[in-house]
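Architecture and fold: a report
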Amino acid sequence: MYLTSRSTPPGIGERTERGGRLPATVFALGAVSLLTDVSAEMVTAFLPVYLLYTLQLGYVQFGLLDGLYNGATAVLRLVGGYVADRLRRPKLVALAGYGTSALTKLLFPLAGGSGLGIGGVLAADRAGKGLRTAPRDALISLATPANRLGRAFGVHRAMDTFGALLGPLITFWILSQLGTESSPVFVVSFCFAALGLIVLAAFVRDGVGTGKPLPAQDPVSLRACLGLVRDRRLRRATLAAGLLGLATISDAFVFVVLQKTTAVPLSVLPLLPLGTALVFLLGAIPLGRLADRIGRWPVFFAGHVLLLGLYALLLTSGGGYPIVVAGLALHGLFYAATDGVLMAYAGPLVPAPLRASGLAVVQTGQAVARLISSSLFGVLLANLATGTSVLITLSVFVPALVGAGLLVRGKRREA
């Protein structure tokens, strides 16, 4: 019944008038994400060094763990979305997710060199992310007028990315001062995550529009949530995101391959996420505005064309820092054009009572695809030369881009 009760047809709001202030919820959640991403990216920047060079794990193990880190959120995104809609308390579910991830930062040192132990901690950390992501994006989507969603998600992702920019810097400083001992990195990471929890609890409210509480209604049923997959527009959005995710090299492998092919010093590796984050930070708001102006799917698709250019750069040998700068610029612009833009597009496709669940469906498609992609790329690197592995990925990415383009075209006709 929810799928037939939209007050605004999908696609409306993408080209309507812009302007006006964004709600305080966007900035409060941006601050939460900023602090949390400092915490998360400290760990992300440290993991390649920690797993590959400190614990001496192989590429297959690293690929599985990295895939787990990025893809273990899949099922729990659906759970988090459904529970948030069922309880009509997305903030509460988001708090549970952020809290879970914060606690895992204290568990990493206890895992020691055990691959199984590290995998368990990574799974718990990503479980927290899975629980919180859809409710958080639903809070932004519900609080923001449809014609400002691209800008709202751009602002949120820019603040989030500022945290991602600081995280590797803090990790680099800790490693330069204290060596590769892991405990200080994880303890400082926990402190930032705890601060994010405090901001969320104190300054974010459940509500629609200007902060009015969510309207009373019958509880959202599991059947209504499952029925979302029957909606053609949402299904195509999920398929397009998943198809492209299957051909996407994970961030950690992008940084490892970029460092190897350009022959820059290994000590630079923890700083590479910083370059991506800086470009993402600068591009998120302008590209969010552009998406509101010309349509969100064209910007999303163009972002993946930029990613194609990055993979072509990874095939080069040598080149040093200029290739590193070009690669990180393409990587950051890819995220600026796709991350928040996809959620800005998907939000109006789903009625308010099912907003968190609908966004979770799209996010889950991406997460599952990237889990598979990361694991497969690790197998390729373990058995083939780096250039060959990238070339195979590139050859898969091109037809995936074409297929997603056909889905995009179909969506635009329907809208």
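Here the structure is shown first, and the text comes after it.
Just so we're clear, the structure is a prediction, and the values are computed from it rather than from any experiment.

Basis of the calculations
Residues numbered from 1 in each chain as written. Predicted model: local features only at pLDDT ≥ 70, side-chain atom pairs only at ≥ 80, totals over all residues. Heavy atoms only, no water. Helix = DSSP H or I, 4+ residues; strand = E, 2+ residues; numbered from the N terminus. Salt bridge = Lys/Arg side-chain N within 4 Å of Asp/Glu carboxyl O. Patch = residues over 30% accessible without salt bridge, like charges linked within 9 Å, V, L, I, M, F, W, Y side chains within 5 Å. Areas by Shrake-Rupley, 256 points an atom, 1.4 Å probe, with all protein chains shown as cover. Expected span 1.5 Å × (residues − 1). Bend = angle between axes of the 7 residues up to and from the residue. Axes fitted to C-alpha atoms, helices over the stretch in contact; angles between N-to-C directions. Parallel < 35°, antiparallel > 145°, perpendicular 65-115°, else oblique. Nonpolar A, V, L, I, M, F, W, Y, C, P; charged D, E, K, R; others polar. Buried < 20%, exposed > 50% of the residue type's maximum accessible area, 1.4 Å probe, protein only. Contact = heavy atoms within 4.5 Å. Polar contact = N/O pair within 3.5 Å; in protein donor to acceptor, adjacent residues only side chain to side chain. Lys, Arg positive; Asp, Glu negative; His and termini not counted.

The subject of this paragraph is unusual backbone geometry. Of note, the phi angle at R88 is positive, near 55°, even though the residue is not glycine. Counting through the fold element by element, R88 comes out in the loop between helix 3 (74-87) and helix 4 (90-104). Positive phi values are uncommon outside glycine, yet A263 reaches one of about 60°. Looking at where A263 falls in the secondary structure, it is placed in the loop between helix 11 (251-262) and helix 12 (272-294).

Tallying each qualifying case throughout the model produces 5 salt bridges. Note that K105 is salt-bridged to D125, the shortest N-O span being 3.3 Å. A residue pair is termed long-range when its members are at least 10 positions apart, and K105 in the loop between helix 4 and helix 5 (108-111) and D125 in helix 6 (residues 115-143) qualify at 20 residues. Members of the salt-bridge network, linked through shared partners, are R136, D137, R157 and D339.

Let's shift gears to a nonpolar patch on the surface. A grouping of L243, L246, V368, I372 and L376 is seen on the molecular surface, where their side chains present a nonpolar patch of about 390 Å² in accessible area. Listing elements by their share of the nonpolar patch, those giving two or more residues are helix 10 (232-246) and helix 15 (355-383). It is helix 15 that provides the largest number of residues to the nonpolar patch, a total of 3 residues. Looking at the secondary structure, you find I372 in helix 15.

Over its 23 residues, helix 12 runs 32 Å from end to end, which matches the ideal 33 Å to within 8%, given 1.5 Å per residue. In the structure, helix 12 departs most strongly from a straight axis at A284, where the bend amounts to approximately 40° and where the proline P286 lies between one and four residues downstream. Looking one or two residues past helix 12, G295 carries a phi angle of roughly 115°, positive in sign.

Packing of helix 7 (residues 149-178) against helix 12 brings their axes to within 8 Å, and their N-to-C directions diverge by 175°. Viewed along their axes, helix 7 and helix 12 adopt a mutual orientation that is roughly antiparallel. By residue class, the composition of the contact of helix 7 with helix 12 is 16 nonpolar, 4 polar and 4 charged.

By secondary structure assignment, the location of K260 is in helix 11. When its relative accessible area of 39% is taken as the criterion, K260 is described as partly exposed. Remark: the alpha-carbon pair of K260 and L314, spanning 54 residues in sequence, is separated by 9.4 Å.

Attention shifts here to the environment of L22. In this structure, L22 sits in the segment before helix 1 (24-54). Here L22 falls in the buried class, since its relative accessible area comes to 11%. The spacing of L22 and R151 is 129 residues in sequence and 8.4 Å in space, taken between C-alpha atoms. In contact with L22, other than residues within four places in its own chain, are F27, T144, R148, R151, A152 and V155.

Moving on, we get to the environment of R77. For R77, the location among the structural elements is in helix 3. Among the residues examined, R77 registers a relative accessible area of 9% and is labelled buried. Between the C-alpha atoms of R77 and R132, which are 55 residues apart in sequence, the distance is 7.6 Å. Those residues in contact with R77 that sit more than four places away from it in its chain are K129, G130, T133, A134, A360, Q363, T364 and A367.

Bringing the side chain of T104 into the picture now. Mapped onto the elements, T104 comes out in helix 4. Here T104 falls in the buried class, since its relative accessible area comes to 2%. A distance of 2.6 Å separates a polar side-chain atom of T104 from the backbone oxygen of S101. With near-sequence residues (within four places) excluded, T104 lies in contact with V121, A124 and D125.

When you line up the elements, R132 lands in helix 6. Among buried charged residues, R132 stands out as having no salt bridge; its nearest opposite-charge side chain is D125, 5.3 Å away. At a separation of 2.8 Å, a polar atom in the side chain of R132 contacts the side chain of S101. In this structure, R132 is in contact with T36, A94, G97, Y98 and S101, ignoring residues within four places of it in sequence.

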